[in-house]
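# Summary of structural features
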Amino acid sequence: MNGDGYQAVSLEHDGGMLRMIFIVPDEGLFETVQSSLDANAVAQIRDALRNHELDLALPKFGFTASLSVEPKLTELGMVRAFTDAADFSGISNQRRLHIDEAVHQAFVSIDELGTEAGAATGVVITQVSVPPRAELYIDRPFIFFVEDRQTGLVLFIGRVLDPSR
């Protein structure tokens with residue numbers, strides 16, 4: 001689909017349970033498009049996507065990220081669990097337990113064999129019928145999402161600033 005300053009495409013994975021959405025800003029508009037992406041903008045892009053037979057050129061890429069989630073958890077009110085005042089008696093008989101570190105690790109990789117994200121592996125599904133033809137050559141910076149099709153929950157989000165590497 002063509003949007004205001006970008007093109008977007010989605011590829012289904014895992015039997016259609018997941019999909020990867022690529023947003024490819026027009027030349028020179030990456031920062032503008034990226035800063036405009038909020039939940040409403042993503043929902044509008046998702047809703048505007050249509051089936052097309054697609055000639056797609058996509059670079060191989062992979063990311064691994066490890067992030068501390070303790071600041072976010074404490075911001076959401078989970079403060080005591082990280083202190084000596086924590087009470088984990090419901091799950092252990094040991095006293096004086098507390099959470100020392102909370103880390104979120106994610107892995108996303110895409111190549112000619114498909115997409116791997118975390119411990120899940122997905123495949124590209126093609127349409128049996130022949131929808132309208134389109135083409136997209138992703139040879140400039142882009143943004144991607146992996147989402148759960150049923151809930152619309154974004155599981156991974158990332159950006160590739162140099163697709164030639």
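To be clear, the structure that these remarks concern was listed above.
Residues numbered from 1 in each chain as written. Predicted model: local features only at pLDDT ≥ 70, side-chain atom pairs only at ≥ 80, totals over all residues. Heavy atoms only, no water.

## Observations regarding the nonpolar core
Rule in force here: Take the buried residues of types Ala, Val, Leu, Ile, Met, Phe, Trp, Tyr and Cys, join any two whose side-chain atoms come within 4.5 Å, and each joined set is a nonpolar core. Accessibility here uses a 1.4 Å probe with only protein chains present; expressed as a share of the type maximum, an area under 20% marks a residue as buried, one over 50% as exposed, and anything in between as partly exposed. Helix numbers and strand numbers start at the N terminus; a helix is a DSSP run of H or I with at least 4 residues, a strand a run of E with at least 2. Throughout, a contact is declared for two residues whenever any of their heavy atoms are within 4.5 Å.
Counting 16 residues, the largest nonpolar core has M20, F22, F61, V108, I138, F142 and F144 as its most contacted members. Going through the elements one at a time, β2 (6-13), β3 (18-25), β6 (103-111), β10 (142-148) and β11 (154-160) are the ones with two or more residues in this core. In this view, F61 contacts M20, F22, V108, S109, I110, F142, F144 and V160; residues no more than four positions away in its chain are not counted. In this structure, I21, F30, I45 and F145 belong to the second largest nonpolar core, which totals 11 residues.

## Let's talk about the pattern of salt bridges
Test applied: Should a side-chain nitrogen of Lys or Arg be within 4 Å of a carboxyl oxygen of Asp or Glu, the pair is scored as a salt bridge.
For the structure shown, the criterion picks out 4 salt bridges. The residue E12 makes a salt bridge to R149 at a minimum N-O spacing of 2.7 Å. Taken together, the residues span a long stretch of sequence, with E12 in strand β2 and R149 in the loop between β10 and β11 at a distance of 137 residues. A relative accessible area of 25% means that E12 is categorised as partly exposed. The partner of E147 in a salt bridge is R46, and the shortest N-O contact between them spans 2.7 Å. Taken together, the positions of E147 in strand β10 and R46 in helix α2 (residues 39-48) put the pair 101 residues apart, joining distant regions of the chain. On the accessibility criterion, E147 (2% relative accessible area) is buried.

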